[in-house]
Amino acid sequence: MQLFLKKTTKLIFTVLILCVLFSFSTLWYFSSDLPDYKILANYKPPISSRVHSGEGQLIAEYAIQKRLFIPYDSIPEKVIHSFLSAEDKNFFSHPGVDAKSITRAIIKNIKNIFSEKRLEGASTITQQVAKNFLLTNEVSIKRKIKEAILAFRIERAYSKERIMELYLNQIYLGEGTYGIAAASLEYFDKAVNELSYEEAALLAALPKAPSKYNPYKSTERAKKRRDIVLKNLYDNSYINKNEYESLRQKKIVTKKRKIKLLEEANFYSEEVRRIVSDIYGYDDLYKGGLSIRTPLNSNYQIQAVKALRKGLEEYDKRHGWRGSITNLQSKDWQNYIKEFIPDKSLNWKLAKVIEIDTLNAKIEIENKKIGFINFKDISWTRKKSFKDLLNLNDIIYVKKIKNNKWNLKQLPKINGGIVVMDPFTGRVLAMSGGFSFRLSEFNRATQAKRQPGSAFKPIVYAAALENGFTPSTLILDAPFVMEQGEGLKTWKPENYGKMFYGPSTLRIG
């Protein structure tokens, strides 16, 4: 008996030593090439940069990921409780890995294997931080071991509050949003501190599968998952039974965030983007969360765009009608017009000609509504009747006059630019580089290179006046020839009338 006990003790001792050696060798093997967790100390998440007009109106946003950073102290308890209940209820007590959750997951996964169900994980919030910041999404035991090792190291280096802050600002929550602040705006159009418990619970329900539980696409599925989070909140004593029953009965109510960007300011904001990118670089613009204030006056900008377009259209109309965009006989013609859709700020629509007589044209608008164009509104086309102007199934641009009356439109072949500047400060209050940003992003106000011509004269004459010349000073207007360089033609400036006037006063010039 004693011999058996001795052998058993030795066997147990040997197995323990082997287990310890195996554990240490495993840790050493997987620890050798782990990423440096210390980079989390200087974590700077990619944050959206925003461009505002002089009155504070948002005119553009630039971002790789839709994210607004929020510090831990500004995160309400409702949100923290909801995420703890959904993801890791023992977060504030475990050392990085939750042994109870792992044991429970192993037992459940054994059952899942036999029932061919999806295997469950047991990742803590700290492990998710390690995965999201330092590792890949590879599904393997190797990654899980690395994740666990990093989780222990992160817990030793950073406070629980810092880890939670990293997690809640980095996590993907669907609809292109990262972090709770951006998601709160996207789903509820609210700041985080305005969220109710059922709204916070819905956000906490999303990390498991953001697409699957998206409330815009799968309301019922999202509600079931949200109710599970609410049940966990009750089980964890964050809410009482009455609150739980009341919250569970509430329907999911979302409010899509509407950012009304100034469409007429696309040329302006694109010029700002180019300037900021050149000065500060790509990373600062798209990841640095810059707040860019411009002198743009929204009212001036709208009026400037209207004036430019009116001038271009009137010039173009003087050259008559050039014909329809295309001709589509298909009943589903709306499916084939994406390439022709005009700039939103034009308020134009695409239409199909479905009936023609001498003085009227009957059209079908994009939204299937019926409208009419009267002959009195198309005198600029220089056509005698609609039969000379259009054919059945022609696709054309139209703009609404009133009720079911529409105007015929065509895109001008000519283009131009406009700049509205305060001459005393140099501030550019409005600017447009063309008829439509959608059709051409080339900015004719800033990128087009043109010869200055007579526009340069005031500079020359101002220099003359500063150097003793007077309006009565005589200057010889005679032929002048200058070599421009080897292989180049000589430069011979001329007057518009092709004549030279001899001695002339500065005033005449």
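Refer to the structure presented above.
What counts and what doesn't
- Residues numbered from 1 in each chain as written.
- Predicted model: local features only at pLDDT ≥ 70, side-chain atom pairs only at ≥ 80, totals over all residues.
- Heavy atoms only, no water.
- Pairing = 2+ DSSP bridges.
- Helix = DSSP H or I, 4+ residues; strand = E, 2+ residues; numbered from the N terminus.
- Axes fitted to C-alpha atoms, helices over the stretch in contact; angles between N-to-C directions.
- Contact = heavy atoms within 4.5 Å.
- 1 Å grid on protein atoms, 1.4 Å probe; cavity = no way out; pocket = protein on both sides within 12 Å on 5 of 7 lines; lining within 4 Å.
- Points joined across faces, edges and corners; volume = space filled by probe spheres on them.
- Nonpolar A, V, L, I, M, F, W, Y, C, P; charged D, E, K, R; others polar.
- Buried < 20%, exposed > 50% of the residue type's maximum accessible area, 1.4 Å probe, protein only.
- Parallel < 35°, antiparallel > 145°, perpendicular 65-115°, else oblique.
- Phe/Tyr/Trp six-rings, centres within 6.5 Å; stacked < 30°, edge-to-face > 60°.
- Lys NZ or Arg CZ within 6 Å of the ring centre and 35° of its normal.
- Core = buried A, V, L, I, M, F, W, Y, C linked by side-chain atoms within 4.5 Å.

Let's talk about the sheet that holds strand β1 (residues 49-52)
- Across the sheet, three strands lie side by side as β2-β1-β3; this open sheet has mixed pairing. On the outer flanks of this sheet lie β2 (58-62) and β3 (291-293), each paired with one strand and no other. Each strand axis lies, on average, 20° off the axis of its neighbour in the sheet, ignoring direction.
- Contacts between helix α11 (residues 266-280) and the sheet are confined to β1, β2 and β3, with β2 contributing the most and set at about 45° to the helix.

Some points on the layout of surface pockets
- There is about 1,200 Å³ of room inside the second largest pocket.
- For the lining of the second largest pocket, the elements supplying multiple residues, two or more each, are α15 (457-466), β12 (474-477) and β13 (502-505).
- The element best represented in the lining of the second largest pocket is α15, accounting for four residues.
- Broken down by class, the residue content of the lining of the second largest pocket amounts to 17 nonpolar, seven polar and three charged.

Description of unusual backbone geometry
- With a phi close to 70°, Ser 237 is a non-glycine residue in the positive phi region.
- With respect to the element layout, Ser 237 can be found in the loop between α9 (219-235) and α10 (241-249).
- Classification of Ser 237 by relative accessible area gives exposed; the value is 62%.
- You will see that Asn 403, though not glycine, has its phi angle at about 45°, which is positive.
- As for its position among the elements, Asn 403 is in the loop between β8 (394-402) and β9 (405-409).
- Classification of Asn 403 as exposed rests on a relative accessible area of 63%.

Brief notes about the environment of Tyr 501
- Within the secondary structure layout, Tyr 501 lies in the loop between β12 and β13.
- Sequence separation between Tyr 501 and Asp 477 is 24 residues; the distance between their C-alpha atoms is 5.5 Å.
- The contacts of Tyr 501, once residues within four sequence positions are left out, are Asp 477 and Asn 495.

Remarks on the packing of helix α2 (residues 77-87) against helix α6 (residues 160-170)
- Contact geometry for α2 and α6: axes closest at 12 Å, N-to-C directions at 85°. Taken together, the axes of α2 and α6 lie roughly perpendicular to each other. Of the residues in α6, those in contact with Ile 80, Phe 83, Leu 84 and Glu 87 of α2 are Met 164, Tyr 167 and Leu 168.
- Looking at side-chain class alone, the contact of α2 with α6 contains six nonpolar, no polar and one charged residues.

Here we look at the packing of aromatic side chains
- Enumeration over the complete set of coordinates arrives at 13 aromatic pairs.
- Between Phe 375 and Phe 386 the ring centres are 6.1 Å apart and the planes differ by 75°, which places this aromatic pair in the edge-to-face class. Of this pair, Phe 375 sits in the loop between β7 (370-374) and α14 (386-389) while Phe 386 sits in helix α14; the two residues are eleven residues apart in sequence, bridging distant segments of the chain.
- Judged by its relative accessible area of 0%, Phe 386 is buried.
- Every member of this aromatic cluster is reached through a ring pair, and the members are Tyr 62, Tyr 282 and Tyr 286.
- In this structure, Arg 309 is placed above the aromatic ring of Phe 435, and the distance from its NZ or CZ to the ring centre is 5.7 Å.

Observations concerning the nonpolar core
- Within the largest apolar cluster, 50 residues are counted, with the highest numbers of intra-cluster contacts made by Met 164 and Ile 180.
- Ranked by residues supplied to this core, first place goes to helix α8 (residues 197-205) with seven residues.
- Here Ile 180 is in contact with Ile 70, Ile 75, Val 79, Phe 83, Leu 168, Leu 173, Val 192 and Leu 203, once residues within four sequence places are set aside.
- Within the second largest apolar cluster, 16 residues are counted, among which are Val 353, Ile 396, Trp 406 and Leu 408.

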